[in-house]
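Residues per chain are reported as follows:
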Amino acid sequence: MSKRFYLTTAIDYVNGAPHLGHAYEKVIADVIARARRSMGEEVFFLTGLDEHGQKVEQAAEAEGRDPQTYCDALAVQWREFVQNLGISNDDFIRTTDARHKAVVTAVLNRLHQAGHFYKAGYEGWYSVKEETFLTDKDQNPDGTWDPRWGQVVRLKEENWYFRLKEHQDWLLQYLDAHPEFIQPATRRNEILGFLRSQPLEDLCISRPKARLSWGIPLPFDPDYVSYVWFDALINYLSVPVSRGDAGAMAPELGQPATDFAAWPADLHIIGKDIVKFHAVYWPIMLKALGAPLPRTLLVHGWWQKDGQKLSKSTGNVVDPAAVTGEWGLDAFRYYLIRELAIGPDGNWTDEGFRARYNAELANGPGNLLNRALNMLNKYRGGQVPAASRELESDTAQAVAAARSSLEASDLQDALVAIWNLVNRANLYVEQTAPFRLAKDPAQSARLDEVLYNLVEICRILAVMLNPFVPAASAKIWAQLNLPAGELPWSLTAWGGLQPGHQVGAPQPLFPRKDLAPK
Ligand code: MSP
């Protein structure tokens, strides 16, 4: 079997309810997954949950539950969240799955045997919230700590360390030679700057069980569990390994090889706050293991609402379930991708959302489909007239632009290209004025041409829109009375609608909503 296009999201901590940020990352990944499938690639799309570590242990404790029971209950809610966003993931990993724990254990054993770890004493500061060791440099001059570290305690303990330091030169060379590894370039430059300006510290990969028991035990030292990030990053590998992917070292990590081939990952889609883990620790872990490195980290920015940080405590939140309940899932997916390119930070405003809904969805493809089907039904009894190629080249241009943007994961640009065609077609209606042509029998052939171009563009739009707004795309297809099924990108070729084909009646794609703010 040929290698699949393998893409992942970060795995979410189960210490709370899902929010807009989590939804955003999954929608990006889903659009890419659907687009790649439509272009004929076999895709493997993984998402899931990060269940170990102190954050989760403390959240469970606060609810008076043992961590596993707590995670099992929240996992149900998170899976539902993913489903309700229409996410087409092929697998869902929980880091408490036996398949994951087996691979983490095998990785730990291999790296230990190969001499990548050592045990040493540590005395210093520790952020409980971020589960990370701090140095005096992180402390404010007056002895206090930045609130982002939460509670900071003094620790004295022995731990296991991973020799990161010795990989620094190699990593720098690798990043230099692979500009595609961290996208966009601003994030790549941050990591290069960091690696060039300071020596890497070895990474503490253990936590004493006496202090934190909710983790995967170190197979070579029963008093310790694995540091949560060491465990979590391995999810990207543990799933293909457990499916027998030889490229992910399945046999070396104790699983029989099958013909499943996904590793190396093509895209890890992550937020800007976790680049260092993915761009520094993860490649070094893989290099030490002898596994190929992922191709690209696609790093997105963070959403705010009304210019303020999302925060449950201040109530500054966007509830994806509420938005999709009121406006439909497609409108939510469209807004996230159209409003914000992958990279910079974004700002959600309810006004902005409403404005895009009305101006771009209802008045865009919604209006176009409505007009095309209405006129075809009214003037030609719903029968597709003889084929015409008047807008073929404009359409082909939009199709090519959208395709190359999709291949580059420039999802916002792809929507811009698609809307160029929507606007072109809506303008064509104004310019050709079919309602006037219909009044003049001498213009009958011209009316046929116009109607053909309009419905054919609707058909092609359904194909291009499918990865972004799958439900609306299926509705266009159904109203055109075409057989339901996959909509491969090849169906964007002009001329798919056959003369004589009978279309259905128009129904609103994006019903117009009251423009007045609530
Ligand atoms: N568990 C780790 C990731 C481990 S990956 C091996 C984690 N979890 S998280 O739940 O805190 O975040 C999951 C993802 O959501 C991250 O990529 C993060 O950047 C993203 N977001 C969290 N809040 C966000 C916004 N406000 N906006 C956009 N994305 C945000 O980190």
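Computed from a predicted model, the values in this text were never measured in an experiment. (Residues numbered from 1 in each chain as written. Predicted model: local features only at pLDDT ≥ 70, side-chain atom pairs only at ≥ 80, totals over all residues. Heavy atoms only, no water.)

Asks: Could you give an account of helix H4 (residues 98-113), with specific residues and numbers?
Replies: With 16 residues, H4 should cover 22 Å at 1.5 Å per step; its first-to-last C-alpha distance of 22 Å lies within 8% of that length. Within H4, burial applies to His100, Val103, Val104, Ala106, Val107, Leu108 and Leu111. (Helix = DSSP H or I, 4+ residues; strand = E, 2+ residues; numbered from the N terminus. Expected span 1.5 Å × (residues − 1). Buried < 20%, exposed > 50% of the residue type's maximum accessible area, 1.4 Å probe, protein only.)

Asks: Outline the pairing of strand S12 (residues 221-226), supporting the account with residue identities and numerical values.
Replies: Sheet topology note: the strand S10 (residues 206-208)/S12 ladder contains 3 bridges and is antiparallel. The partner of arginine 207 across the bridge, within S12, is valine 225. In this sheet, S12 lies alongside strand S11 (residues 217-218) in antiparallel orientation, the contact comprising 2 bridges. Across the sheet, the residue bridging to proline 217 is valine 225, located in S12. Counting the residues that bridge the hairpin from S11 to S12 gives 2 residues. (Pairing = 2+ DSSP bridges.)

Asks: Explain the site of the ligand residue by residue, including any values.
Replies: Neighbouring the ligand are 24 residues, the closest being Ile11, Glu25, Asp50, Gly271 and Asp273. Residue glutamate 25 places a side-chain N or O atom 2.6 Å away from an oxygen atom belonging to the ligand. The separation between an oxygen atom of the ligand and a polar side-chain atom of aspartate 273 is 2.6 Å. About the coverage of the ligand: the protein hides 94% of its 670 Å² of free accessible area. (Near = heavy atom within 4 Å. Polar contact = N/O pair within 3.5 Å; in protein donor to acceptor, adjacent residues only side chain to side chain. Areas by Shrake-Rupley, 256 points an atom, 1.4 Å probe, with all protein chains shown as cover.)

Asks: I'd like a rundown of the domain arrangement of the protein chain, residues and numbers included.
Replies: Segmentation of the protein chain into domains returns domain 1 (5-301) and domain 2 (349-492). Relative to domain 2, the C-alpha centre of domain 1 lies at a distance of 43 Å. Taken together, the contact pairs 10 residues of domain 1 with 12 residues of domain 2. Carbon and sulfur atoms supply 68% of the area buried between domain 1 and domain 2, which totals about 1,000 Å² over both sides. (Domains from an automatic or database assignment. Contact = heavy atoms within 4.5 Å. Buried area = accessible area lost by both parts, 1.4 Å probe.)

Asks: Requested: an account of the pattern of salt bridges, with residues and values cited.
Replies: Should their charged atoms come close, side chains of opposite charge can pair. In this structure the tally under the stated criterion is 30 salt bridges. Aspartate 97 is the salt-bridge partner of arginine 99, the closest N and O atoms lying 3.2 Å from each other. Of the charged contacts, one joins arginine 295 and aspartate 266 as a salt bridge, the two residues approaching to 2.7 Å between their closest N and O atoms. Of this pair, arginine 295 sits in the loop between helix H9 (275-289) and strand S14 (296-300) while aspartate 266 sits in the loop between helix H8 (235-242) and strand S13 (267-271), and the two are 29 residues apart along the sequence. Relative accessible area serves as the criterion here: at 11%, aspartate 266 is assigned to the buried category. Taken together, the salt bridges that share partners define one network made up of Asp91, Asp97, Arg99 and Arg243. (Salt bridge = Lys/Arg side-chain N within 4 Å of Asp/Glu carboxyl O.)

Asks: So what's going on with the packing of helix H10 (residues 320-327) against helix H11 (residues 329-339)? Which residues, and what values?
Replies: Contact geometry for H10 and H11: axes closest at 6 Å, N-to-C directions at 120°. Taken together, the axes of H10 and H11 are oblique relative to one another. Seen from H10, the contacting residues are Pro320, Val323, Thr324 and Trp327; seen from H11, they are Leu329, Ala331 and Phe332. When its residues are assigned to classes, the contact of H10 with H11 shows 6 nonpolar, 1 polar and no charged. (Axes fitted to C-alpha atoms, helices over the stretch in contact; angles between N-to-C directions. Parallel < 35°, antiparallel > 145°, perpendicular 65-115°, else oblique. Nonpolar A, V, L, I, M, F, W, Y, C, P; charged D, E, K, R; others polar.)

Asks: Please give an account of the pairing of strand S4 (residues 91-94) that cites residues and values.
Replies: Remember that side chains alternate between the two faces of the sheet whenever the strand is regular. Of the two faces of S4, the one lined by Asp91 and Ile93 and the one lined by Phe92 and Arg94 are each fully buried. Alignment of strand S3 (residues 43-50) against S4, held across 4 bridges, turns out to be parallel. Each bridged residue has a counterpart across the sheet, and for leucine 46 the counterpart in S4 is aspartate 91.

Asks: Break down the packing of aromatic side chains for me, citing the residues and quoting the values.
Replies: Tallied over the entire structure, the rule returns 31 aromatic pairs. Measuring from ring centre to ring centre gives 5.8 Å for phenylalanine 117 and phenylalanine 220, while their planes differ by 35°; the resulting arrangement is tilted. Here phenylalanine 117 is found in strand S5 (residues 117-127), whereas its partner phenylalanine 220 is found in the loop between S11 and S12, with 103 residues between them in sequence. Judged on exposure class, the residue phenylalanine 117 and its partner phenylalanine 220 are both buried. Measuring from ring centre to ring centre gives 6.0 Å for phenylalanine 332 and tryptophan 348, while their planes differ by 50°; the resulting arrangement is tilted. Of the two residues, phenylalanine 332 is situated in helix H11 and tryptophan 348 in strand S17 (residues 346-348); the sequence distance between them amounts to 16 residues. With respect to class, phenylalanine 332 is no different from tryptophan 348; both count as buried. Among the aromatic residues, those joined into a ring-pair cluster are Tyr24, Trp303, Trp327, Phe332, Tyr335, Trp348, Phe353, Tyr357 and Phe510. Taking NZ or CZ as reference, lysine 287 lies 4.8 Å from the ring centre of tryptophan 170, over its face. (Phe/Tyr/Trp six-rings, centres within 6.5 Å; stacked < 30°, edge-to-face > 60°. Lys NZ or Arg CZ within 6 Å of the ring centre and 35° of its normal.)

Asks: Please give an account of the sheet that holds strand S7 (residues 152-162) that cites residues and values.
Replies: Spatially, S6-S5-S7-S9 is the arrangement adopted by the 4 strands of the open sheet, whose pairing is antiparallel. At either end of the open sheet lies a strand with only one pairing partner, and these are strand S6 (132-134) and strand S9 (203-204). Bridge analysis of S5 against S7 gives 11 bridges, and the strand direction is antiparallel. From the neighbouring strand, phenylalanine 117 faces S7, where its bridge partner is phenylalanine 162.

Asks: If you had to explain the sheet that holds S11 to someone new, which residues and values would you point to?
Replies: Read from one edge to the other, the open sheet built from 3 strands follows the order S10-S12-S11, with strand pairing classed as antiparallel. Bordering the open sheet on either side are S10 and S11, each of which pairs with just one other strand.

Asks: Can you lay out the packing of helix H14 (residues 411-432) against helix H16 (residues 444-465) for me, pointing to particular residues and giving the numbers?
Replies: Think of two packed helices as two axes; the pair is described by the angle between the axes and how far apart they sit. H16 packs onto H14 with a crossing angle of 165° between their chain directions and a minimal axis gap of 11 Å. Classified by the angle between their axes, H14 and H16 sit roughly antiparallel to one another. Helix-helix and strand crossings are classified by hand; for H14 and H16 the assignment is left-handed. Touching Ile418, Trp419, Leu421, Val422, Ala425, Tyr428, Val429 and Thr432 of H14 are Arg446, Glu449, Val450, Asn453, Leu454, Ile457, Leu461, Met464 and Leu465, all from H16. Split into classes, the residues belonging to the contact of H14 with H16 amount to 13 nonpolar, 2 polar and 2 charged. (Left-handed = near helix turned anticlockwise from the far one by under 90°.)

Asks: Can you tell me about unusual backbone geometry, naming the residues and giving the values?
Replies: Of the consecutive residues glutamine 183 and proline 184, the connecting peptide bond is found in the cis state with omega at -5°. Note that proline 184 resides in the loop between strand S8 (182-183) and helix H6 (185-197). Even without a glycine there, the phi angle at methionine 249 is positive, about 70°. Here methionine 249 is to be found in the loop between H8 and S13. Judged by relative accessible area, methionine 249 falls into the buried class, the value being 6%. Here aspartate 306, not a glycine, exhibits a phi torsion of approximately 50°, which is positive. Note on placement: aspartate 306 falls in the loop between strand S15 (303-305) and strand S16 (308-309). A relative accessible area of 41% places aspartate 306 in the partly exposed class.

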